[in-house]
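The chain contents come next:
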Amino acid sequence: YDFTQAALDKTMELATDKSQVFTVQRDGGIPWRGALANSRMPASVLQKWASFKNEHPDGMPLYLAIAPLDFDRKNLAGAVEGSSVPSSIQGAAFDSNAVKTAYLNYVRAAVDYFHPAYINIGVEAGELAHRNPSKWPAFERLIVHVTENIKQDHPDLMVGISWGLQSLTEPDVAERSRSLIDCL
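The rules behind these values
Residues numbered from 1 in each chain as written. Predicted model: local features only at pLDDT ≥ 70, side-chain atom pairs only at ≥ 80, totals over all residues. Heavy atoms only, no water. Helix = DSSP H or I, 4+ residues; strand = E, 2+ residues; numbered from the N terminus. Buried < 20%, exposed > 50% of the residue type's maximum accessible area, 1.4 Å probe, protein only. Polar contact = N/O pair within 3.5 Å; in protein donor to acceptor, adjacent residues only side chain to side chain. Contact = heavy atoms within 4.5 Å. Core = buried A, V, L, I, M, F, W, Y, C linked by side-chain atoms within 4.5 Å. Pairing = 2+ DSSP bridges. Axes fitted to C-alpha atoms, helices over the stretch in contact; angles between N-to-C directions. Left-handed = near helix turned anticlockwise from the far one by under 90°. Nonpolar A, V, L, I, M, F, W, Y, C, P; charged D, E, K, R; others polar. 1 Å grid on protein atoms, 1.4 Å probe; cavity = no way out; pocket = protein on both sides within 12 Å on 5 of 7 lines; lining within 4 Å. Points joined across faces, edges and corners; volume = space filled by probe spheres on them. Patch = residues over 30% accessible without salt bridge, like charges linked within 9 Å, V, L, I, M, F, W, Y side chains within 5 Å. Areas by Shrake-Rupley, 256 points an atom, 1.4 Å probe, with all protein chains shown as cover. Salt bridge = Lys/Arg side-chain N within 4 Å of Asp/Glu carboxyl O. Phe/Tyr/Trp six-rings, centres within 6.5 Å; stacked < 30°, edge-to-face > 60°.

A. Region of the structure containing the side chain of Arg73. Its place among the elements puts Arg73 in the loop between strand E2 (62-66) and helix H4 (97-114). For Arg73, a relative accessible area of 4% gives the class buried. Here the side chain of Arg73 touches Asp27 through a polar contact of 2.5 Å, side chain to side chain. Those residues in contact with Arg73 that sit more than four places away from it in its chain are Gln25, Asp27, Val123, Glu124, Glu127, Leu128 and Arg131.

Put into structure tokens, the structure is as follows:
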């Protein structure tokens, strides 16, 4: 309701008292260079992660939402502050080896850091199926690759992606999305 520390504190207090799941959504870019090299996350990422982790109430399940999609939900996300996009990822398809490697490493790092009960590895992914259908098959292959590997590492972790309901009400988007929905 406001951008002050007092408003943030009050919102967190209300959410903690009334919630059953704590949510962390980080979809403002990926630390591509470090993730591709499987190296330490940039300080900007670790600081944000630490602030969320400190706010997480003990004993409350955590839902983590991250995305390889940019805010336009049509293209690959850019790099976060403190990182850059390696040439092997610039302009690459979602299912390129470099993107699959980097995104899987990023998801693994996030899971190892937050220990979520639930992870959304494709925030508003259905918007890609709606806005840029030609990229959907490669995106689907990326999500299947990451899901299979994360489930090997953490068999009990609930892994998924999200759609906007408005997208799934369109028959062609629903049909395009069906195989991935069935797979997850």
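B. Layout of the nonpolar core. The biggest cluster of nonpolar side chains holds 47 residues, and the ones touching the most others in it are Tyr103, Val107, Ile119, Ile121 and Phe139. Among the elements that take part in this core, H4 stands out by supplying 10 residues, more than any other. Residues contacting Phe139, with those up to four places away along its chain left out, are Pro68, Leu69, Phe94, Ala125, Leu128 and Ile161.

C. The environment of Ala93, seen in detail. Relative to the assigned elements, Ala93 resides in the loop between E2 and H4. According to the relative accessible area criterion, Ala93 is partly exposed, its value standing at 39%. For Ala93 and Asn38, which are 55 residues apart along the polypeptide, the C-alpha to C-alpha distance reads 20 Å.

D. Examining the sheet that holds strand E1 (residues 22-26) more closely. Judged by pairing direction, the sheet is parallel, and its four strands sit side by side in the order E1-E2-E3-E4 without closing on themselves. What marks the edges here is a single partner per strand, and that holds for E1 and strand E4 (158-160). Neighbour-to-neighbour, the strand axes of this sheet turn through a mean angle of 15°, independent of strand direction. Both strand E3 (residues 118-120) and E4 contribute to a ladder of three bridges, which runs parallel. The partner of Tyr118 across the bridge, within E4, is Met158. Running over the sheet, H4 touches E1, E2 and E3 and is turned about 160° from E2.

E. Region of interest: the packing of helix H3 (residues 43-55) against H4. At their nearest, the axes of H3 and H4 sit 11 Å apart, and the two run at 35° to each other. H4 is crossed by H3, and the crossing has right-handed handedness. In this structure, H3 contributes Leu46, Trp49, Ala50, Phe52 and Lys53 to the contact, and H4 contributes Tyr106, Ala109, Ala110, Tyr113 and Phe114. Tallied by class, residues from the contact of H3 with H4 come to nine nonpolar, no polar and one charged.

F. Looking closely at the layout of surface pockets. Counted as a void, the largest pocket has a volume near 220 Å³. Met12, Phe22, Thr23, Phe52 and Glu55 are, among the 15 residues lining the largest pocket, the residues nearest its centre. Of all elements in the fold, only helix H1 (5-18), E1 and H3 reach the threshold of two or more residues within the lining of the largest pocket. Its residues assigned to classes, the lining of the largest pocket comprises nine nonpolar, five polar and one charged.

G. Representation of a nonpolar patch on the surface. A contiguous nonpolar patch, built from Val21, Tyr118 and Met158 and spanning about 260 Å² of accessible area, is present on the exposed surface. You can see Tyr118 is positioned in strand E3. Judged by its relative accessible area of 34%, Tyr118 falls in the partly exposed class.

H. Representation of the packing of aromatic side chains in the model. Across all of its chains, the model carries eight aromatic pairs by this definition. On the numbers, 6.3 Å between centres and 35° between planes, the contact of Tyr103 with Tyr106 is tilted. Placement of both Tyr103 and Tyr106 in helix H4 is noted, with a separation of three residues, approximately one turn of the helix. Of the two residues, Tyr103 and Tyr106, both sit in the buried class. For the pair Tyr113 and Phe114, a centre-to-centre distance of 5.1 Å together with 75° between the ring planes defines the contact as edge-to-face. What makes Tyr113 partly exposed here is its relative accessible area of 22%. For Phe114, a relative accessible area of 4% puts it in the buried group. Each member of the aromatic cluster is reached from another via a ring pair, and the members are Trp49, Tyr103, Tyr106, Tyr113 and Phe114.

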